[in-house]
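A closer look at the structure
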Amino acid sequence: MPVRTTESRKNGRAGDGRGVGLGLALVSALAFGGSGVAAKPLIEAGLDPLHVVWLRVAGAAVVMLPVAVRHRALPRRRPALLAGFGLLAVAGVQACYFAALSRIPVGVALLIEYLAPALVLGWVRFVQRRPVTRAAALGVVLAAGGLACVVEVWSGLSFDALGLLLALGAACCQVGYFVLSDQGADAGERAPDPLGVIAYGLLVGALVLTAVARPWQLDWSVLAGSARMNGTAVPALALLVWIVLVATVLAYVTGVLSVRRLSPQVAGVVACLEAVIATVLAWVLLGEHLSAPQVVGGAVVLVGAFTAQSAAPAEAPARPAAAGGPDRELSRQRTSA
């Protein structure tokens, strides 16, 4: 029987965690990717896009309210983390993206928003001063190029400075989502519970979006009727339940847990699959046919995601022994002896 050393056991646990993290990231991308397919029929039925966003976040906040009550001590311990997650990862991404859509084409806005993985690499490398692997950088480049084909960015180029800035704001807020989701990942038992962070983040996001979306002007009668999905009547309330439970609660929970098990830069690249999934679901459920460049672009995004997630994490440079390590500690012990 082969002997398993301590190091091999650690590597085994790390490999298992990476596999689980990748699975969670894929589930999150699938859940987030299904939001547009369910939201578009509601918008076409008469709901304002910002009202759909408010219903999505507020409904998810209500679902996660028992979790918030269970972790009621968390706001006292990590108020900045919860406020940042709510403002950036929830309200900021949604508000900036939908505001950008009112000024620039959907494809352009989506492509700029998914520059977030490249911005995450920049954050890790230049702000946190941690090394990144070449494979992760290559994965970002491939994913960005593939996304340009998926959204067919060339079909609707129009320059609007404010619209581009809003889309870039959505990308920066998405960086906040990945970075803040990783907070406390190495703190062991002292790490903030990810479910508590999500619950309070949704509550903060709902409060912020209430001021932006003004839900008191919402046409509630739309939810009592039906919406058309590729010619088929679907209860509007059923679409809203899908958006709240799957495209928001499940998406955020699996997304944050995946970042904890992978890393912000790897999870960010895998999240690019959301655009591919959204396009495929729109093809199947809404009858929006894919072109040849979109199919090729989706394959390139898959290659980029696989390249990034299969890379081993880059190791930080070793500290000099003179800075104070085991050798220096041993030297002090010998001197005192």
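Everything in this summary refers to the structure shown in the same document. (Residues numbered from 1 in each chain as written. Predicted model: local features only at pLDDT ≥ 70, side-chain atom pairs only at ≥ 80, totals over all residues. Heavy atoms only, no water.)

Points about unusual backbone geometry
The phi dihedral of R214 is positive, around 50°, even though this residue is not glycine. Relative to the helices and strands, R214 resides in the loop between helix 11 (194-213) and helix 12 (221-224). (Helix = DSSP H or I, 4+ residues; strand = E, 2+ residues; numbered from the N terminus.)

A short note on the nonpolar core
Burial of nonpolar side chains together is a common tendency in soluble globular proteins. Of all hydrophobic cores here, the largest spans 85 residues; its most connected members are L47, M64, F85, Y177, L202 and Y252. For this core, the element with the most residues is helix 13 (residues 236-261), which contributes twelve residues. Not counting chain neighbours up to four residues away, the residues in contact with L47 comprise L42, V52, L55, L218, D219, V222 and L223. (Core = buried A, V, L, I, M, F, W, Y, C linked by side-chain atoms within 4.5 Å. Buried < 20%, exposed > 50% of the residue type's maximum accessible area, 1.4 Å probe, protein only. Contact = heavy atoms within 4.5 Å.)

Side note on the pairing of strand 2 (residues 232-235)
Summarising the sheet, strand 1 (residues 226-229) and strand 2 pair through four bridges and their orientation is antiparallel. Opposite A227, over in strand 2, you have V234 as the bridge partner. (Pairing = 2+ DSSP bridges.)

Quick notes on the environment of T307
Within the secondary structure, T307 sits in helix 16 (residues 292-309). Separated by 168 residues in the primary sequence, T307 and G139 have C-alpha atoms spaced 5.3 Å apart. Look past the residues within four positions of T307 in its chain and what remains in contact with it is A135, L138, G139 and L142.

Remarks on helix 3 (residues 49-63)
Spanning 15 residues, helix 3 covers 21 Å between terminal C-alpha atoms, matching the ideal 21 Å at 1.5 Å per step. Sitting at the head of helix 3, D48 places a side-chain oxygen 2.9 Å from the backbone nitrogen of L50. (Expected span 1.5 Å × (residues − 1). Polar contact = N/O pair within 3.5 Å; in protein donor to acceptor, adjacent residues only side chain to side chain.)

Some thoughts on the packing of aromatic side chains
In the structure shown here, the tally under the stated rule is six aromatic pairs. Between F85 and Y252, the ring centres sit 6.3 Å apart and the planes meet at 65°, which makes this aromatic pair edge-to-face. With F85 in helix 6 (residues 79-101) and Y252 in helix 13, this pair connects stretches of sequence that are 167 residues apart. Exposure class is identical for F85 and Y252. Each is buried. Chaining the aromatic ring pairs together yields one cluster made of F32, F85, Y177, F178 and Y252. (Phe/Tyr/Trp six-rings, centres within 6.5 Å; stacked < 30°, edge-to-face > 60°.)

Remarks on a nonpolar patch on the surface
Nonpolar side chains collect at one region of the surface, where L115, L119, L162, L165 and L168 lie side by side and expose about 420 Å² of accessible area between them. The element best represented in the nonpolar patch is helix 10 (residues 161-181), accounting for three residues. For L168, a relative accessible area of 37% corresponds to the partly exposed category. (Patch = residues over 30% accessible without salt bridge, like charges linked within 9 Å, V, L, I, M, F, W, Y side chains within 5 Å. Areas by Shrake-Rupley, 256 points an atom, 1.4 Å probe, with all protein chains shown as cover. Salt bridge = Lys/Arg side-chain N within 4 Å of Asp/Glu carboxyl O.)

Here we look at the environment of P293
Here P293 lies in helix 16. P293 sits in the partly exposed class, given a relative accessible area of 31%. Along the sequence, P293 and E152 sit 141 residues apart, while their C-alpha atoms lie 7.5 Å from each other. When residues no more than four places from it in sequence are discounted, the contact partners of P293 are C149 and W154.

Points about the pairing of strand 1
Burial of the side chains of strand 1 is restricted to one face: A227 and M229 are buried, whereas none of S226 and R228 on the reverse face is. Between the end of strand 1 and the start of strand 2, which pair antiparallel, lie two residues, with N230 showing a positive phi angle near 55°.

Some details on the environment of T210
Its place among the elements puts T210 in helix 11. Taking the C-alpha atoms as reference, T210 lies 10.0 Å from V53; in sequence the two are 157 residues apart. Setting aside its immediate chain neighbours within four residues, T210 contacts W54, P215 and W216.

Side note on the state of the cysteines
Taken as a whole and assessed by the stated rule, the structure comprises zero disulfides. We note that C96 lacks a disulfide partner, and the nearest cysteine sulfur, in C173, lies 4.6 Å from it. (Disulfide = S-S within 2.5 Å.)

Some remarks on the side chain of Q174
Of note, Q174 is situated in helix 10. Given the relative accessible area of 8%, Q174 is considered buried.

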